[in-house]
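Next come the chains, spelled out residue by residue.
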Amino acid sequence: MTTRERELTRLRAITRVMDEAIGLPGTRFRIGLDGLLGLVPGVGDALAAGIAGYALLAATRLGAPRSVLARMAGNIALDTLVGAIPVLGDLFDFAFKANRRNLRTLEHFLAQPERTRRASRGLIIATVAALVALLVLVLALAILLARAVIGLFS
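Residues numbered from 1 in each chain as written. Predicted model: local features only at pLDDT ≥ 70, side-chain atom pairs only at ≥ 80, totals over all residues. Heavy atoms only, no water.

### Details of the environment of I76
Here comes step 1: Residue placement: I76 occurs in helix α4 (residues 66-83).
Here comes step 2: The class for I76 is buried, based on a relative accessible area of 9%.
Here comes step 3: Through-space distance from the C-alpha of I76 to that of A142 is 30 Å; in sequence the pair is 66 residues apart.
Here comes step 4: Not counting chain neighbours up to four residues away, the residues in contact with I76 comprise A49, A52, G53, L56, A98 and N102. (Helix = DSSP H or I, 4+ residues; strand = E, 2+ residues; numbered from the N terminus. Buried < 20%, exposed > 50% of the residue type's maximum accessible area, 1.4 Å probe, protein only. Contact = heavy atoms within 4.5 Å.)

### Section: the environment of L36
Here comes step 1: Locating L36 in the fold gives a position in helix α2 (residues 33-38).
Here comes step 2: Along the sequence, L36 and A98 sit 62 residues apart, while their C-alpha atoms lie 14 Å from each other.
Here comes step 3: In this structure, L36 is in contact with I22, I31 and F94, ignoring residues within four places of it in sequence.

### Brief notes about the packing of aromatic side chains
Here comes step 1: Counted by the stated rule, this structure contains one aromatic pair.
Here comes step 2: For the pair F92 and F96, a centre-to-centre distance of 4.9 Å together with 15° between the ring planes defines the contact as stacked. Remark: F96 and F92 occur in helix α5 (residues 88-96); sequence separation between them is four residues, near one turn of the helix. (Phe/Tyr/Trp six-rings, centres within 6.5 Å; stacked < 30°, edge-to-face > 60°.)

### Some details on the nonpolar core
Here comes step 1: Formed by 14 residues in total, the largest nonpolar core has its most connected members in L11, A64, L106, F109 and L110.
Here comes step 2: Looking at this core, the elements that each hand over two or more residues are α1 (3-19), α3 (43-61), α4 and α6 (98-111).
Here comes step 3: Ignoring anything within four residues of it in the chain, the contact list for L110 reads R4, L8 and L62. (Core = buried A, V, L, I, M, F, W, Y, C linked by side-chain atoms within 4.5 Å.)

### Examining the pattern of salt bridges
Here comes step 1: For the coordinates displayed, the defined rule picks out five salt bridges.
Here comes step 2: Residues E20 and R100 are paired through a salt bridge, measuring 2.4 Å at the closest nitrogen-oxygen approach. Placement of E20 in the loop between α1 and β1 (22-23) and of R100 in helix α6 is noted, with a sequence separation of 80 residues between them.
Here comes step 3: Classification of R100 as partly exposed rests on a relative accessible area of 21%.
Here comes step 4: Among the salt bridges present, the one from R117 reaches E114, with a minimum N-O distance of 2.7 Å. Highlighted residues: R117 and E114, both in helix α7 (residues 113-153), separated by three residues, approximately one helical turn. (Salt bridge = Lys/Arg side-chain N within 4 Å of Asp/Glu carboxyl O.)

Here you go:
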């Protein structure tokens, strides 16, 4: 077995445990340790993020470019940040499956490096653009709110 195959085998095993180890009876839905850890306030999501970080290490070892690593890190960050919100975050943890997404991204990169690199760059650019637009919207609303408050006292 090559180093690449060993790395992917380990990553697939971690993904299975973290995202889909337990089938819910009567459904096709599966949950894993990631969602269960998210139920533990404070440390659960951080621990799950640490375990998910192994995918970044594996991707680095397998030669993934920064755009692919950034996409994977974004999945982990989103899973961790939203997962930290009580109740809603727990439901999100069970549904989002960042480890499965990262494994799929890495496998696509290994099969089609240039296509995955371009898609990852595009997603990162779109995400940054959306965040900038959101920031501008929040700032505009803050300015309007400040003007309204000042107007009340004038």
